[in-house]
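In case you want the letters, here they are:
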Amino acid sequence: MSPETDLPIPAPEAAPDPAVEARAAVLARLDAAKVAADVAETAYRAEAARRTEELARERAHAWRRADLMRSLATALDGIGDAEMAAAAGQALLRARLGWSDDSEARAEVLVRFAPVAVALFEMESEAAPQTALAAFEDWYATTRQSAFWYLFEHYLPDTPLVDF
């Protein structure tokens, strides 16, 4: 026997089975569909989480806006003039934000907030206080690159009670 005769004779190539190829194509399409469904679900969940966060932020700002303006309206009861209204509005804002000391940035915020108090005091139109507040919010967002209402989210640590 020679080395050439010990080798197996290759079988003739069989024609591809059309059923096997069709099944493989079906399975490939199903695999692609499951990947696309996974991508779509992940994208939807991310969008839903982003939108939920956005709505929660808008809700919090609306509540803070309404609460501050309600407190301001109460503070303005019995005020005699616009100058006193501005001072009352600034004092209220300072108290609500827990600002016990002064800074240039805080002073600027208080000065810019005064027209909101004056507009609510004078009530030249129903829209005037909202317009003044919107202008204040826009100014704050432009100059501070964040919403004014984030100032109300500051953390106040618990004060330990000391018993004597």
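Residues numbered from 1 in each chain as written. Predicted model: local features only at pLDDT ≥ 70, side-chain atom pairs only at ≥ 80, totals over all residues. Heavy atoms only, no water.

The next thing to look at is the layout of surface pockets. Any space left empty among the atoms is revealed by the rolling of a water-sized probe across them. In this structure, the largest pocket encloses a volume near 150 Å³. Along the walls of the largest pocket sit Arg65, Met69, Arg70, Ala73, Leu120, Pro129, Gln130, Leu133, Ala134 and Glu137, which together make up its complete lining. Counting only elements with at least two residues in the lining of the largest pocket, the list comes to α2 (18–76) and α5 (128–144). Sort the elements by how many residues they give to the lining of the largest pocket and α5 lands first, with five residues. Tallied by class, the residues present in the lining of the largest pocket amount to six nonpolar, one polar and three charged. (1 Å grid on protein atoms, 1.4 Å probe; cavity = no way out; pocket = protein on both sides within 12 Å on 5 of 7 lines; lining within 4 Å. Points joined across faces, edges and corners; volume = space filled by probe spheres on them. Helix = DSSP H or I, 4+ residues; strand = E, 2+ residues; numbered from the N terminus. Nonpolar A, V, L, I, M, F, W, Y, C, P; charged D, E, K, R; others polar.)

Within the largest apolar cluster, 25 residues are counted, with the highest numbers of intra-cluster contacts made by Leu68, Leu72, Leu93, Val109, Val116, Phe136 and Phe148. At the level of elements, α2, α3 (82–97), α4 (104–122) and α5 are the ones that each hand at least two residues to this core. Ranked by residue count, the leading element in this core is α4, at seven residues. Setting aside chain neighbours within four positions, we find Leu72 in contact with Gly89, Leu92, Phe113, Val116, Ala117 and Leu120. (Core = buried A, V, L, I, M, F, W, Y, C linked by side-chain atoms within 4.5 Å. Buried < 20%, exposed > 50% of the residue type's maximum accessible area, 1.4 Å probe, protein only. Contact = heavy atoms within 4.5 Å.)

What follows deals with the side chain of Glu137. Within the secondary structure, Glu137 is located in helix α5. For Glu137, a relative accessible area of 16% translates into the label buried. The residues touching Glu137, leaving out its near neighbours within four places in the chain, are Arg65 and Trp149.

Here we come to α3. In a regular helix each residue adds 1.5 Å, so 16 residues correspond to 22 Å; α3 covers 22 Å between its end C-alpha atoms and thus fits that length. For α3, the full list of buried residues reads Ala85, Ala86, Ala88, Gly89, Leu92, Leu93 and Leu97. The buried residues of α3 occupy an angular sector of 165° when the element is viewed end-on, so they sit on one face. Exposed residues on α3 whose side chains face more than 90 degrees from its buried face are Glu83 and Ala95. For α3, the secondary structure elements touched by its buried residues are α2 and α4. The distance from a side-chain oxygen at the start of α3 to the backbone nitrogen of Glu83 is 3.3 Å, and the residue carrying that oxygen is Asp81. Within two residues after α3, Gly98 carries a phi angle of roughly 70°, on the positive side. (Expected span 1.5 Å × (residues − 1). Arc of directions from axis to C-beta. Polar contact = N/O pair within 3.5 Å; in protein donor to acceptor, adjacent residues only side chain to side chain.)

Two numbers describe how α3 lies on α4: the axes approach to 7 Å, and their chain directions differ by 125°. When the axis of α3 is compared with that of α4, the two are oblique. When the axes of α3 and α4 are compared, the crossing they make is right-handed. Between α3 and α4, the residues in contact are Ala82, Ala85, Ala86, Gly89, Gln90, Leu93 and Arg94 and Val109, Leu110, Val111, Phe113, Ala114, Ala117, Val118, Phe121 and Glu122, respectively. (Axes fitted to C-alpha atoms, helices over the stretch in contact; angles between N-to-C directions. Parallel < 35°, antiparallel > 145°, perpendicular 65-115°, else oblique. Left-handed = near helix turned anticlockwise from the far one by under 90°.)

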